[in-house]
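Secondary and tertiary structure notes
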Amino acid sequence: MGLIDNIKRVFTPRERTVHSSMRLNNTFSVDFDGEKNLGEIGNIIAYNIDYNGLRLRSWQSYLESEITQTVMNKFRLWVIANGLKLQSQPIKQVLESEGIKLDSEKFNEVTEMRWAVWAKSKQSSYNSMESLNDLAKDAFMNSKVGGDALVVLRVIKGKVKVQLIDGYHLCSPSFDGSILANGNCIKNGIEMSPTGEHIAYHIKDKNYNFERIEAKSKSTGLVMAFLVKGLKYRLDNNRGIP
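I will try to describe carefully the structure that is included in this document. (Residues numbered from 1 in each chain as written. Predicted model: local features only at pLDDT ≥ 70, side-chain atom pairs only at ≥ 80, totals over all residues. Heavy atoms only, no water.)

1. Regarding the sheet that holds strand 7 (residues 225-229)
- Pairing within the open sheet is antiparallel, and its 3 strands lie in the order 2-1-7. At either margin of the open sheet sits one strand with a lone partner, and together these are strand 2 (159-166) and strand 7. Between one strand axis and the next, the sheet turns through 25 degrees on average, direction left out of account.
- In terms of strand pairing, strand 1 (residues 148-156) meets strand 7 through 5 bridges, oriented antiparallel. Looking across to strand 7, one finds that Val 152 is bridged to Ala 225.
- Taken strand by strand, helix 7 (residues 132-146) contacts strand 1, strand 2 and strand 7, and its axis lies near 25 degrees from that of strand 2. (Pairing = 2+ DSSP bridges. Helix = DSSP H or I, 4+ residues; strand = E, 2+ residues; numbered from the N terminus. Axes fitted to C-alpha atoms, helices over the stretch in contact; angles between N-to-C directions. Contact = heavy atoms within 4.5 Å.)

Right under this line is the structure:
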């Protein structure tokens, strides 16, 4: 049964007369919500995402279901494998336009080897107990099963160390959606500028103490904290979901 047949079936003759004012060139003007046959899809639902609720349910499934563990562990192995590798490809034309000349082959070789040594070393992690490759696996798993994870780059004694923070600890210290004194808006633990840029992340510990972690370094302007997300629901949502 087509759309026009449904319209004729739903409207009584009197109602069709009333709605005839909407008809132009034998075309009916009606509201369409995606349902072609009455009762086929059901009621429209606008989901308000409970990030922590979804996170806990997803981890529960991972713990209780052997199938979930097998699928996710295989998925992580296929994507991450032996870890991240750096492929250095400086754009010589741009560097030369700024007066910088270098032996690209030698530069690439040294840079890639330095990266490999640092990534395999446990000194690359904030707790000095894991390598960068281990952290990459944990970040991937937490983003897919947990929804998202916060990656923080901390410079300690001239060395960059990577810290992973469970997205569960990312929350707003004040009313969600409130405007701060600096004009930024805070939503789901993320402090954003009026244009939507991530300015800082607010982390709560077990004692309900908050730490504000800025997304960019004030001295260099480089990104020092960012979210690794699983799925993205809608443009208005700034967190990831499992």
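2. What to know about the layout of surface pockets
- By volume, the largest pocket amounts to about 470 Å³.
- It is helix 7 that provides the largest number of residues to the lining of the largest pocket, a total of 6 residues.
- Residue classes in the lining of the largest pocket are distributed as 16 nonpolar, 4 polar and 1 charged. (1 Å grid on protein atoms, 1.4 Å probe; cavity = no way out; pocket = protein on both sides within 12 Å on 5 of 7 lines; lining within 4 Å. Points joined across faces, edges and corners; volume = space filled by probe spheres on them. Nonpolar A, V, L, I, M, F, W, Y, C, P; charged D, E, K, R; others polar.)

3. Quick word on the environment of Arg 212
- Within the secondary structure layout, Arg 212 lies in strand 6 (residues 210-214).
- Leave out the neighbours within four places in its chain, and Arg 212 touches Asn 182, Glu 191, Ile 199, Ala 200, Tyr 201 and His 202.
- In this structure the side chain of Arg 212 is engaged in a polar contact, spanning 3.0 Å, whose partner is the side chain of Glu 191.
- In terms of polar contacts, Arg 212 uses its side chain to reach the side chain of Glu 214, at 3.1 Å. (Polar contact = N/O pair within 3.5 Å; in protein donor to acceptor, adjacent residues only side chain to side chain.)

4. A closer look at a nonpolar patch on the surface
- A contiguous nonpolar patch, built from Phe 75, Leu 77, Trp 78 and Val 79 and spanning about 440 Å² of accessible area, is present on the exposed surface.
- Along the chain, Phe 75 turns up in helix 4 (residues 66-80).
- For Phe 75, a relative accessible area of 33% gives the class partly exposed. (Patch = residues over 30% accessible without salt bridge, like charges linked within 9 Å, V, L, I, M, F, W, Y side chains within 5 Å. Areas by Shrake-Rupley, 256 points an atom, 1.4 Å probe, with all protein chains shown as cover. Salt bridge = Lys/Arg side-chain N within 4 Å of Asp/Glu carboxyl O. Buried < 20%, exposed > 50% of the residue type's maximum accessible area, 1.4 Å probe, protein only.)

5. Regarding empty space enclosed by the protein
- Going through the model one piece at a time under the given rule, you end up with 1 cavity of 30 Å³ or more.
- Size it by volume and the largest cavity reaches roughly 30 Å³.
- Within the lining of the largest cavity, the residues separate by chemical class into 3 nonpolar, no polar and 3 charged.

6. Some remarks on the side chain of Ser 172
- One can find Ser 172 in the loop between strand 2 and strand 3 (185-187).
- Residue Ser 172 is classed as buried on the basis of its relative accessible area, which comes to 17%.
- In terms of polar contacts, Ser 172 uses its side chain to reach the backbone amide nitrogen of Asn 188, at 3.4 Å.
- Those residues in contact with Ser 172 that sit more than four places away from it in its chain are Ile 186, Lys 187, Asn 188, Gly 189 and Phe 210.

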